[in-house]
Amino acid sequence: MFLAWREIKYSKTRFALIIGVVILIAYLVFFLTGLAYGLAQENRMSIDKWDSDGIVLADESNLNINMSMFPKEQIDDIEASEKASLGVASSVVQPADESDEESKINVTFFGIDKEEFIFPEVVEGEEFESNREVIADISLREEEGIEIGDELSLAGMDLTVEIVGFTENAKFSVGPVLYTNHPTYQEIRASGFGEREEEIISAIVVRSDSEELADVETNSEDLNVYSTSEFISNLPGYTAQVLTFGLMIGFLVLIAAMIIGIFIYVLTLQKSSMLGVMKAQGISSSYIAKSVIGQTFLLSFIGVFTGLGLTLLTGLLLPATVPYQNNFIFLASITSLLIIVAVAGAFFSVRTVVNIDPLEAID
Amino acid sequence: MKLIELKDVKKTFQDGRKTIEALKPTNFSVEEGEFVAVIGPSGSGKSTFLTIIGGLQTPTEGNVFIREDKFSELDEKERAKKRFDEIGFILQASNLIPFLTVKDQLKLVNKIEKSKLDEDKVQNLLSELGIDHLMDKYPSDLSGGEKQRAAIARAMYHNPAVILADEPTASLDTDRAFEVVEILARETKKEKKATIMVTHDERLTDYCDAVYTMKDGVLTKNQKK
Ligand SMILES: Nc1ncnc2c1ncn2[C@@H]1O[C@H](COP(=O)(O)OP(=O)(O)OP(=O)(O)O)[C@@H](O)[C@H]1O
Ligand SMILES: [Mg+2]
């Protein structure tokens with residue numbers, strides 16, 4: 001580290017530029033990770049909130065909850081350690097006293113039973129007591145300025161609901177969720193289908209006590225049970241989106257390794273006559289190689305942590321509508337991955353160091 | 001005591017089908033406190049001779065001894081270690097590390113040995129060489145003569161048995177060259193080193209105890225004038 005530090009201190013501009021490039025790459029990687037994670041979360045947050053093991057959907061729905069519907073009473077046939085009925089309907093709402101296009105919000109209604117386990121924890125306001133009352137995701141207040149007591153009208157329907165409480169982390173398909181009771185859900189769902197006698201739901205969310213949902217039994221030809229993770233990866237667009245971001249981040253990490261590796265390689269080549277002199281003086285290849293690796297570690301450490309700091313700062317300054325979210329496990333693993341990969345890139349140069357012939361120092 | 005000794009050392013290079021005898025079989029030794037010069041025309045084998053002594057290449061035949069230890073048969077790694085401990089190189093162009101101050105050049109030796117920097121030793125050595133006021137300067141801020149003095153300090157610092165200098169004065173004007181060689185001669189005597197200096201300039205040999213001439217790979221001792 002002695003040589004590594006002294007050299008960095010001596011050639012400040014050169015190393016500042018290299019660190020600058022590392023900072024930018026790290027910043028980009030961290031920021032993309034935050035966005036990817038945030039977006040993925042907005043797809044699945046409300047599902048994670050259930051803390052469930054599986055979900056029962058209509059067989060012909062092809063794992064698409066929007067296409068799944070069956071009579072509510074079928075819940076009685078299902079065997080599982082815990083179960084909860086769920087009706088899902090996407091809709092467009094708007095504050096009742098406004099009418100312009102701007103104020104329209106895409107939401108998903110979750111029709112649920114107050115006694116069942118998927119009922120959300122209310123962080124502000126009250127639980128719903130009667131029909132046409134809803135608990136909304138807190139983002140409605142943060143992004144749209146909607147408060148408790150506000151009325152929302154449903155687009156294309158003669159129906160308004162009242163916000164009675166807020167909950168956190170309730171997003172589905174990148175939009176807020178509004179929780180309501182089953183009778184209200186039936187009203188929302190039935191629009192366009194005409195009145196129906198029986199209550200219809202979309203899914204039954206289950207918890208299980210055994211591995212791979214072995215104890216869950218649907219007792220019906222028309223219903224199928226899927227694990228929660230399978231359900232999530234089949235959310236429309238979810239897997240494609242996660243893969244796209246994952247690939248981008250993976251490539252960026254590789255590119256970072258290559259850029260740092262090339263920088264260090266060029267620096268080593270530039271120094272080769274000096275390194276030859278050092279070897280002639282009997283300084284071992286391993287000491288020189290260690291100092292090259294140590295220097296790469298210092299550069300990437302400084303660069304990556306500065307990039308991380310900048311990302312966290314940006315995260316604080318971003319408006320709430322940007323789906324950016326920090327996940328400390330991801331940030332920590334990408335931090336170490338970037339540093340490890342950068343140091344691995346420096347191993348290119350070790351070969352050069354070993355191959356330098358001290359004889360070249362003479363003459 | 002013979003600090004350095006060559007017994008029947010020979011070096012040949014294979015150049016296509018031709019064999020070049022860069023160094024004919026040579027016997028040679030340098031005593032403690034002895035300052036030896038090697039002169040000779042270009043391409044005669046002076047550098048080859050010096051680098052074999054320094055263990056930068058191995059002889060084709062024969063053996064090199066340092067403090068009566070066989071040196072030339074060690075493997076590359078052990079030779080590097082021995083070189084670090086027992087040999088100080090002073091090269092034509094400065095062999096200083098550009099991003100270290102004069103003091104840090106010496107400190108590097110301590111870092112590699114994992115020992116502590118001896119402030120007094122540094123101070124004494126540098127003032128002996130007349131560059132103690134330049135301790136915190138980088139090589140790029142030194143004149144040619146000052147650089148070579150710093151290189152001498154670097155070579156002397158860890159107390160090697162042998163000092164090898166390949167044209168140490170090539171980049172200096174005559175006055176500076178004489179100064180540097182004088183210092184080298186003085187330190188050799190005082191610190192009881194065996195010093196071998198390769199040079200083109202015969203006038204510089206006035207300070208030497210013995211002068212050898214290299215011609216076509218044959219080393220012969222000159223008669224004292
Ligand atoms: N690695 C090598 N391969 C082939 N031939 C070599 C090699 N090294 C040296 N020689 C040859 O050995 C001879 C002696 O070279 P050397 O470098 O020792 O000369 P020198 O006396 O130091 O010359 P100068 O005064 O120009 O530095 C030359 O003919 C050179 O071409
Ligand atoms: Mg030469």
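Everything numeric here is computed off the predicted structure, so don't read it as measured data.

Further remarks concern the overall build of chain A. If you tally the helices and strands in chain A, you get nine helices and 13 strands. For 363 residues, the compact-globule estimate of 2.2 N^0.38 gives 21 Å, and the C-alpha radius of gyration of chain A, at 29 Å, exceeds that figure by more than 25%. By its C-alpha atoms, chain A is 100 × 50 × 30 Å across when sized along the principal axes. In chain A, buried positions account for 51% of the 363 residues. A separation of at least 24 residues holds for 78% of the contacts in chain A among residues at least 6 apart in sequence. Side-chain charges of chain A comprise 20 positive and 52 negative groups, with the mean position of each set lying 19 Å from the other.

The next subject is the UniProt feature "domain: ABC3 transporter permease C-terminal" (unreviewed entry) in chain A. UniProt records the feature "domain: ABC3 transporter permease C-terminal" (unreviewed entry) for residues 247–357 of chain A in the present numbering. In the segment residues 247–357 of chain A, helix accounts for 85% and strand for 0%; the C-alpha atoms at its two ends are 42 Å apart.

The next subject is the sheet that holds strand β6 (residues 87–90) of chain B. Strands in a sheet are paired, the pairing made by backbone hydrogen bonds, and the direction either parallel or antiparallel. All names here are of chain B. Spatially, six strands are ordered β6-β7-β8-β3-β9-β10 in an open sheet, and the strand pairing comes out mixed. The open sheet has two edge strands with one neighbour each: β6 and β10 (218–221). Pairwise comparison of adjacent strand axes, ignoring direction, gives a mean angle of 20 degrees for this sheet. Pairing geometry for strand β3 (residues 35–39) and strand β8 (residues 194–198), over four bridges, is parallel. Note on β8: the bridge partner recorded for Phe 35 is Thr 195. Against the sheet, helix α2 (residues 76–86) contacts β6 and β7 (162–166), and its axis sits at roughly 80 degrees relative to β6.

Residues and elements named next belong to chain A. Looking at chain A, the domain boundaries give domain 1 (2–44 + 239–361) and domain 2 (54–215). A separation of 46 Å is found between the C-alpha centroids of domain 1 and domain 2. With six residues of domain 1 at the contact, the number on the domain 2 side is six residues. With both chains or domains summed, domain 1 and domain 2 bury close to 540 Å², and 51% of this area falls on carbon and sulfur atoms. The largest per-residue losses of area from domain 1 upon contact with domain 2 belong to Glu 42, Asn 43 and Ala 320, which jointly make up 75% of the total buried on that side. Where domain 1 packs against domain 2, one counts one salt bridge. Notably, a salt bridge pairs Lys 171 with Glu 42, separated by 3.3 Å at the nearest N-O pair. Taken together, domain 1 and domain 2 are joined by two residue pairs in polar contact (both at pLDDT 80 or more). Counted by class, the side of domain 1 that touches domain 2 contains two nonpolar, two polar and two charged residues.

Reading the values: rules and limits
All residue numbers here refer to positions counted from 1 along the written sequence of the relevant chain. Just so you know, chain letters begin at A and ligand numbers begin at 1, following the order they were written in. Since the coordinates come from a predicted model, pLDDT governs what is reported: local features require at least 70, and pairs of side-chain atoms require 80 or more to be given and counted, while whole-chain, interface and lining totals use all residues. Just so you know, side-chain values use all the structure's heavy atoms and leave hydrogens and water out. Helix and strand definitions follow DSSP, with helices as H or I runs of at least four residues and strands as E runs of at least two, each counted in order from the N terminus. Only the C-alpha atoms count toward the radius of gyration. The rule for a globule is 2.2 Å times the residue count to the power 0.38. Partly exposed residues are those whose accessible area sits between 20% and 50% of the maximum for their type, while under 20% is buried and over 50% is exposed, using a 1.4 Å probe and protein chains only. For this analysis, residues touch if any pair of their heavy atoms sits within 4.5 Å. We treat Lys and Arg as the positive residues and Asp and Glu as the negative residues; His and chain ends play no part in the count. In plain terms, the charge of a residue is placed at NZ if it is Lys, CZ if Arg, CG if Asp and CD if Glu. UniProt positions are given in the numbering used here, feature names are shortened, and annotations may be inferred rather than shown by experiment. Criterion used throughout: strands pair if DSSP finds at least two bridges between them. The axes are straight lines fitted to the C-alpha atoms, using for helices just the contacting stretch, and the angles between their N-to-C directions are given from 0 to 180°. Note: domain ranges come from an automatic or database domain assignment. As a working definition, buried area equals the accessible area (1.4 Å probe) given up by two parts on being put together, with both sides summed. Whenever Lys or Arg places a side-chain nitrogen within 4 Å of a carboxyl oxygen from Asp or Glu, that contact is recorded as a salt bridge. Definition of a polar contact: a pair of N or O atoms within 3.5 Å, with one able to donate and the other able to accept a hydrogen when the atoms are protein atoms, and with sequence-neighbouring residues admitted only if both atoms are side-chain atoms. Gly falls in the polar group here, along with every residue not listed as nonpolar (Ala, Val, Leu, Ile, Met, Phe, Trp, Tyr, Cys, Pro) or charged (Asp, Glu, Lys, Arg).

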